[in-house]
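# Coordinate inspection notes
Read off the chains here:
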Amino acid sequence: MIDSVTIISKTGRVLYFYSNNHVQSTHKNKISSNHLDTINKFLSQHLLHPTDKTIVLDTTPVSLAEYFATDNEMIIIIYPKVVKDHADLSWTEYFMKELAKEFLKFLSNQDTNKCTTTNGTINNDVVVFFDETYKQVYEKAQTVGKAKMSYNTATHYTSKEKSKKSSFGKQSTATSIKEARVWHDGEQEVTSATMAKLDRSKNDSNAKLGDHVMDILEDSPALMEARAAYLPKENEIPTWEEEEGLKLVDDDEDEGEDDKVDDSSLGVGWGGSLKNILQHVSGKVLTVEDLQQPLKDMENILTSKNVARDIAQEICAGVRMKLVGKKMTSFTRVKTAVRQALEVSIERILKPGMGRGGSDSVDVLRNVVSKRERAKGFFARKDDQKPYVIVMVGINGVGKSTSLAKIAFYLKTNGCNPLLAACDTFRSGAVEQLNVHAKCLDVPLYHKGYAKDPAAVAKAAILHATQQGNDVVLVDTAGRMQNNVPLMKALSNLVVQNNPDLVLFVCEALVGNDGMDQLQMFNKALQSGGHARKIDGIVLTKFDTVSDKVGAALTMTHVTGAPVVFCGTGQKYNHLKKLSVPSVIQSLFS
C-alpha cells in the first residue's frame, strides 16, 4: 500500500529510506533522484501548510504524503492517492509512531553520521540492519493499528453515549467511578505506602471479583498487540527444535597435515598453551606439571565468562583428573582427551544428578505425559489423579509471567492441555496480564481476582483442572524481593500446602552474584518451618543477550544442585529451549 518510507534528520539529511516497490531486493534502500524531488515537494508544501497532516503531491500519478515528527527526526510516508480512496489506511499514524520508537533505539546503537556517506547518500551498509525491524513494524501496524483506531472510535462513541445518559437519565453514581491504577516500572523507590497501594488483596472491591472471568474483546488493542508480539508466525520453527550445529573440536583435523596447524588457528588462551605443551610431551605420560600452566589459563578464561572462581577450579580439577597419567602418542589424541574431560567436568555441574544417583536433567514434557498416563492406570494413586503442577517463582521484573506462557505454549504444542492459575494476588494488573497471555495461547485461566490467600487460589485451580481434565497447571506467583519476609512466607505456604511437582526459579542470565543470593534466599524460604522442599529447576531469561557470558548457568547450578530447565531466547512464545551443554562449552571457550 505504501510506496516508500523516508526518515530525515532535523538538518535535512536522509537517514533511512525503504521502497516497497523496488524491483530487486538490493535496491530497497537506494533513493532515486525522482524520489528526492518528491520529498522536496513535500517539504515545500509542509512549510506553507505546517498543520496539514496529509499533503497532496503533484506527481504522476498523484501521491499523498503523511508525516510524523519527533524532536530530531521526521518520518514521511508516500503512497498513491487512489490507494487512499479504496483502502483502509487508518493504521498509518500508529505505524509512523512505532517506527519512530524503533528507529530511535536503532540510532542509540549507531553513529548517526554513519547513516549517510560524505556526499549525503544513504550508507546501505549501516541502515540495512534496520530493514528487518521495519518489516516487522509494517506488518504489525496493519493489524494492531487498525484495531486501535477501531477500538478508540468505539470507546469514544460509548463514552459520549454514557455522558448523555449521565446528564439526562441521571444514571451515574459516585460508586461507578473507577480508581485510576498506578503502574510501577521498578525504577521508583519502593516504600511501605507504595507496596500497600499495589496490594490488591486488601481492596474489598477487587476481592469480590470471585470467579468472574474478565472479558477481553477479541479486537481490543491490548490483545491484538500481544498476539503480534508473542505469537510465532505460521510454520516458524520453535527454538527448542532448532539444531545447535556445534563442534568444539574439529575431528576432521585428526589426521595428516592438519596435525601441523598453527597456534593461531586454535585461538589464544588455554587451547594454544595446551597445544604447545602437549606437542613437546607427546609419547610420554602426562604429569601435573605438564598441565599446570594450560589449566591456569583455562581457569582465567572461565572466570572471565562470569563463572565463579571455585567453579572454574572444579572444572580444571576434572580435566586434570582425566589427563594426568595418560600416555599421549599424538597431538590429535590429546585434543580428543581434553575435549572429553572438559565435557564431562562441565556436565557434572550442569546436570547435578549425574554420577550422584539422581536424574541428569528435568524433562518437563516427559514428566507431564508420564503422570497423565499413570492416572489412566487401574492402580493409580490419588496423587496421580491430579494434574502436573508447576509453580514459577522469582523476584520482580525478571519475566516470570512470560516464561510461564512460553512453557504453556511448549506443552500445548506437544499435545498437553495446560491451565494457567493466577496466584499473583498482590501486584496490580497481574491477573489482567496473565489473562492476556491465556487469550493469546487459547488456554483456560483460573483466578479469584485479587484474593487474600494465593495458596487457596492455587488449591482451587488444581481442583478445577482435575475436574476439567487439564493435565498440567502452571501457577503464576507474585514477584518478591528475597528479603520481603511476609511475601516469602506466603510463597512457602503455597508450596507446602499444594506440594507442586516442580518449582522453577526464574532469573536473568546475566544476574551475577545477586542471583546467587536470591536463589539461596528462596530456597531458605521454602525450607522454613522444617520443610525439606527446594527449588527444583532454573529458568534463565534473556539468554540470547549474554553472548559468551554463560557462566551464571554453571555457578547457580553448582551452588543449589538445581539444573537449568529452560532458557528464554527472545520475546515470542516459541523462543524457548533447553540448555545445550555443547553450546555452553563453545561459548565458554570461544
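Residues numbered from 1 in each chain as written. Predicted model: local features only at pLDDT ≥ 70, side-chain atom pairs only at ≥ 80, totals over all residues. Heavy atoms only, no water.

### A few points about the overall build of the protein chain
What counts, and what does not: Each helix is a run of DSSP H or I of at least 4 residues and each strand a run of E of at least 2, with the numbering of both proceeding from the N terminus. In this scheme, a residue with accessible area under 20% of its type's maximum is buried, one over 50% is exposed, and one in between is partly exposed, where area comes from a 1.4 Å probe on protein chains only. To measure how exposed things are, a 1.4 Å probe is used in the Shrake-Rupley method; for residues, cover is taken only from the protein chains shown.
Along the backbone of the protein chain there are 20 helices and 13 strands. Residue burial in the protein chain is summarised as follows: out of 590 residues, 45% are buried. For the protein chain, the computed accessible surface area is about 30,800 Å², with 51% contributed by carbon and sulfur atoms.

### Describing the sheet that holds strand β2 (residues 14-19)
Inclusion rule: Between any two strands, pairing holds if DSSP finds at least two bridges. Only the stretch in contact is used when a helix axis is fitted, and all axes are lines through C-alpha atoms; the angle between N-to-C directions ranges over 0 to 180 degrees. The criterion used for residue contact is that any of the two residues' heavy atoms lie within 4.5 Å.
The five strands lie next to each other as β2-β1-β5-β4-β3, forming an open sheet whose pairing is antiparallel. The two strands at the open ends of the sheet, each matched to only one other strand, are β2 and β3 (54-57). The sheet shows a mean angle of 20 degrees between the axes of neighbouring strands, direction not considered. Bridge count for strand β4 (residues 63-69) against strand β5 (residues 73-80) is seven bridges, and the pairing is antiparallel. Within β5, the position partnered with Ala65 by the bridge is Ile78. Across the sheet, helix α1 (residues 33-48) lies against β1 (4-9), β2, β3, β4 and β5, angled at about 110 degrees from β5, the strand it touches most. In the packing of helix α3 (residues 92-108) onto the sheet, the strands contacted are β1, β2, β4 and β5, and the crossing angle to β5 comes to about 140 degrees.

### Structural notes on the sheet that holds strand β8 (residues 445-446)
Taken together, eight strands build an open sheet; the order of strands is β8-β7-β9-β6-β10-β11-β12-β13 and the sheet is mixed. If you trace the sheet from one side to the other, it starts and ends with β8 and β13 (576-577), each paired once. Here two bridges tie strand β7 (residues 418-423) to β8, and the two strands are oriented parallel to one another. Among the inter-strand pairings, Ala421 is bridged to a residue of β8, identified as Tyr446. Along the sheet face, helix α15 (residues 430-441) touches β7, β8 and β9 (472-477) and points at about 170 degrees away from the line of β7.

### Remarks on the environment of Leu217
Along the polypeptide, Leu217 turns up in the loop between α7 (204-207) and α8 (221-230). Along the backbone, Leu217 and Lys439 are 222 residues apart, and their C-alpha atoms lie at a distance of 9.8 Å.

### Regarding the state of the cysteines
For clarity, the cut-off: Cysteine sulfur atoms that come within 2.5 Å of each other are treated as a disulfide pair.
Under the defined criterion, the tally for this structure stands at zero disulfides. Unpaired in this structure, Cys507 has its nearest cysteine sulfur neighbour in Cys567, at a distance of 9.9 Å. The class of Cys507 is buried, set by a relative accessible area of 0%.

### Digging into the pairing of β2
In terms of residue burial, β2 counts as a mostly covered element, since six of its six residues are buried. Here β1 runs beside β2; their pairing, made up of five bridges, is antiparallel. What sits directly across from Val5, in β2, is Tyr18. Between β1 and β2, which follow one another and run antiparallel, lie four residues, and Gly12 among them has a positive phi close to 95 degrees.

### Looking at the packing of aromatic side chains
Here is the rule: When the centres of two rings from Phe, Tyr and Trp lie within 6.5 Å, Trp using its six-membered ring, the rings pair. Their planes under 30 degrees apart give stacked, over 60 give edge-to-face, and anything left gives tilted.
If you walk through the whole model with that rule in mind, you get 19 aromatic pairs. When the ring of Phe95 is compared with that of Tyr134, the centres are 6.0 Å apart and the planes differ by 75 degrees; the resulting orientation is edge-to-face. One end of the pair, Phe95, is in helix α3; the other, Tyr134, is in helix α5 (residues 131-169), and 39 residues separate them in sequence. As far as burial versus exposure is concerned, Phe95 and Tyr134 are alike and both buried. Joined through ring pairs, the aromatic side chains of Tyr16, Tyr18, Trp91, Phe95, Phe103, Phe106, Phe130, Tyr134 and Tyr138 make up one cluster.

### Quick look at the environment of Val475
Note on placement: Val475 falls in strand β9. As a C-alpha pair, Val475 and Val389 span 86 residues in sequence and 7.4 Å in three-dimensional space. Not counting chain neighbours up to four residues away, the residues in contact with Val475 comprise Val389, Ile390, Val391, Met392, Leu404, Ala421, Cys423 and Ala458.

### Some details on the confidence of the model for the protein chain
The line we're drawing: Residue-level confidence of the predictor is what pLDDT reports, using numbers from 0 through 100.
Looking at the protein chain, the pLDDT average stands at 75 and 69% of residues meet or exceed 70. At the low end of the mean pLDDT range in the protein chain sits α7, at 43; at the high end sits β9, at 96. Overall, residues 247-271 carries pLDDT values under 50, and its contacts beyond four positions in sequence, including any with other chains, amount to 36 contacts. This model gives residues 354-358 a pLDDT under 50, and the stretch forms seven contacts once residues within four places in sequence are excluded.

### A short note on the pattern of salt bridges
A pair can form between side chains of opposite charge whenever their charged atoms are brought close. For the record, the criterion: Here, a salt bridge means any Lys or Arg side-chain nitrogen found within 4 Å of an Asp or Glu carboxyl oxygen.
Scanning all chains against the criterion turns up 13 salt bridges. For Glu299, the salt bridge is made with Lys296, and the minimal N-O distance between the two is 3.9 Å. Separated by three residues within a single helix, Glu299 and Lys296 lie in helix α10 (residues 288-304), roughly one turn from each other. For Glu299, a relative accessible area of 10% corresponds to the buried category. Connected through salt bridges with shared partners, the residues Lys296, Glu299 and Arg309 form a single ionic network.

### What about α15?
Using the following cut-off: Helix span is expected to be 1.5 Å times the residue number reduced by one.
Taking 1.5 Å per residue as the helical rise, α15 with its 12 residues ought to reach 16 Å, and the 17 Å between its terminal C-alpha atoms agrees with that figure. With nine of 12 residues buried, α15 lies mostly within the body of the structure. Within the span of α15, buried status applies to Ala430, Val431, Leu434, Asn435, Val436, His437, Ala438, Cys440 and Leu441. Elements that come into contact with the buried residues of α15 comprise α8, α14 (400-413), β7, β8 and β9.

### A look at the side chain of Ser63
Tracing the backbone through its elements, the reader meets Ser63 in strand β4. With relative accessibility at 9%, the residue Ser63 sits in the buried group.

### Observations regarding helix α20 (residues 581-588)
An α-helical segment advances 3.6 residues per turn. Residues three or four places apart therefore align on the same side. Within α20, six of the eight residues are buried, leaving the element largely enclosed by the surrounding structure. Buried within α20 we find Val581, Ser583, Val584, Ile585, Ser587 and Leu588.

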